[in-house]
Structure formats: structure tokens, C-alpha cells
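# What the coordinates show
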Amino acid sequence: GEREGADVERRASAVTPEDELAGSLRSTAFPRLLHLLALSKRNGALVLSSIRDRRRTTTGESPKKVVFFRSGVPRYVQSNLVQECLGQILARGGTISEPVLEESVARIHRGEGRQGAVLLSMGAITPHQLRDGLEDQLRVKLFDLFAWEGGEYRFQPDEKAPRETVTLEMSLP
């Protein structure tokens, strides 16, 4: 979560003059942005931030997300929200217990790897549960954006999702 949060912060601060699609979610709601990007079949990253949202983040900054698009369809989402970290989602879903979550976080802080790999090494989840958890995590991150009432967005053309990712395998509808 911390690594992803730092990547989200880096992308959010990388403003470029060629950003052609930018604005406020108050004037253009997230569903409308999805529609515009789908119509234009865009590739790139939609960077969103919400300074009024007070939820806890991995970076201590305001909530931010990056939605990566391929041919106008969301394929991957990054977030700095603590509640959207893999372990949090697995614990809420009952796949792992709170003590297992706490132990995995401690191991991550000791440098033992990313949460999915740590949970696998602990024997807390199976590879199938990891894949399902990662897919669920992406849906949670994306669907949360439909509830954002305010915030800013900026589309960065040709930005690509990180390589070692599970992607959303859903159609735009």
C-alpha cells in the first residue's frame, strides 16, 4: 500500500502542459469522464484527487487515485487509501483474520515483500485467493470513484499501468 501510495502521489504531482482533459468532478462527474474516455478510446491514466475527503491514506496526503485506460476501458487502478489495501479488503471479506492482517503488515514493514506475497508465504491464502482478492481490490478502488462528489482530475495520455499487475477484466458497462 505504501509503495502504491507513493506511486500515486508521484503521478498526481507530474503535471504536464499537454494535459488536455482536466477539470473538476463537480463540473464533470466520474461517470461522464468514463463515457468521454470510452468514446475516444483513449489510452493513458486518469489522475484524480479529493482534498475534502478525510479518509486515511498510506501517504498522509489527501486521497488520490490513478485509473489506467486501454482503448477507453479502465484496466487498472492505483489508490493511496488505506481501506483499499489488499489486506484490508481480504480481512473485510473474511478471507483473512485481523491478527493475520496485522502480522502481514508487520512483515511488510520489516521488508519481507508486498502484501500478497507475504500472505502467501504465511500460508494465509492460496494463489487463487490472491488473484480473486486482487481483482476484488481493483473493483473496490474503481467503484469508490462513483461516490466522489468533488475533486480534481487530469488525463495523462500514453501513461501505462505497472507491469506486474492483475487487470480489470470487465466491460465498460
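Structure: see above.
First, a word on scope: everything that follows refers to the structure included in this document. (Residues numbered from 1 in each chain as written. Predicted model: local features only at pLDDT ≥ 70, side-chain atom pairs only at ≥ 80, totals over all residues. Heavy atoms only, no water.)

## Re the side chain of Glu 84
Considering the arrangement of structural elements, one finds Glu 84 in the loop between strand 4 (73-79) and helix 3 (86-92). Taking relative accessible area as the criterion, Glu 84 reaches 2% and is therefore assigned buried. Of note is the side chain of Glu 84, whose polar atom sits 2.6 Å from the side chain of Ser 79. Once you skip the residues sitting within four places of it in the chain, Glu 84 turns out to touch Lys 65, Ser 79, Ile 89, Gln 137, Val 140, Lys 141 and Asp 144. (Helix = DSSP H or I, 4+ residues; strand = E, 2+ residues; numbered from the N terminus. Buried < 20%, exposed > 50% of the residue type's maximum accessible area, 1.4 Å probe, protein only. Polar contact = N/O pair within 3.5 Å; in protein donor to acceptor, adjacent residues only side chain to side chain. Contact = heavy atoms within 4.5 Å.)

## Brief notes about the packing of aromatic side chains
Taken as a whole and judged by the stated rule, the model has four aromatic pairs. With centroids separated by 5.2 Å and ring planes inclined at 85°, the aromatic side chains of Phe 30 and Phe 146 adopt a geometry described as edge-to-face. Placement of the pair is Phe 30 in helix 2 (residues 30-40) and Phe 146 in the loop between helix 6 (127-144) and strand 5 (152-157), with a sequence separation of 116 residues. By relative accessible area, which is 2% here, Phe 30 ends up buried. (Phe/Tyr/Trp six-rings, centres within 6.5 Å; stacked < 30°, edge-to-face > 60°.)

## What to know about the pairing of strand 5
Sheet topology places strand 1 (residues 21-24) next to strand 5; four bridges connect them, and they run antiparallel. Bridge pairing in strand 5 places Ala 22 opposite Arg 154. Where strand 2 (residues 44-49) and strand 5 come together, six bridges link them in antiparallel fashion. Bridged to Leu 46 within strand 5 is Phe 155. (Pairing = 2+ DSSP bridges.)

## Structural notes on the environment of Ser 24
Position of Ser 24 among the secondary structure elements: in strand 1. Considered as a pair, Ser 24 and Glu 152 are 128 residues apart in the sequence and their alpha carbons are 4.5 Å apart. Dropping the residues within four chain positions of it, Ser 24 is found in contact with Gly 151, Glu 152 and Tyr 153. From its side chain, Ser 24 meets the backbone nitrogen of Arg 26 in a polar contact 3.0 Å long.

## Quick notes on the nonpolar core
Phe 30, Leu 46, Leu 48 and Val 67 are the most contacted members of the largest nonpolar core, which totals 23 residues. Elements represented by at least two residues in this core include exactly helix 2, strand 2, strand 3 (64-70), strand 4, helix 6 and strand 5. Each residue touching Leu 48, except ones within four places of it in the same chain, is listed here: Leu 25, Phe 30, Pro 63, Lys 64, Lys 65, Val 67, Leu 145, Trp 148, Glu 152 and Tyr 153. Residues Leu 86, Leu 101, Leu 119 and Ile 125 belong to the second largest nonpolar core, which totals eight residues. (Core = buried A, V, L, I, M, F, W, Y, C linked by side-chain atoms within 4.5 Å.)

## Looking at the environment of Leu 46
For Leu 46, the position within the fold is in strand 2. Between the C-alpha atoms of Leu 46 and Leu 21, which are 25 residues apart in sequence, the distance is 8.9 Å. Setting aside its immediate chain neighbours within four residues, Leu 46 contacts Phe 30, Leu 33, Leu 37, Lys 65, Val 66, Val 67, Phe 69, Tyr 153, Arg 154 and Phe 155.

## Overview of helix 2
Every buried residue belonging to helix 2 is among Phe 30, Leu 33, Leu 34, Leu 37 and Ala 38, and all of these are buried. Along the axis of helix 2, the buried residues cluster in a sector spanning 130°; they form a single face. The secondary structure elements touched by the buried residues of helix 2 are strand 1, strand 2, strand 3, strand 4, helix 6 and strand 5. Phi for Lys 41, located one or two positions after helix 2, is positive at around 50°. (Arc of directions from axis to C-beta.)

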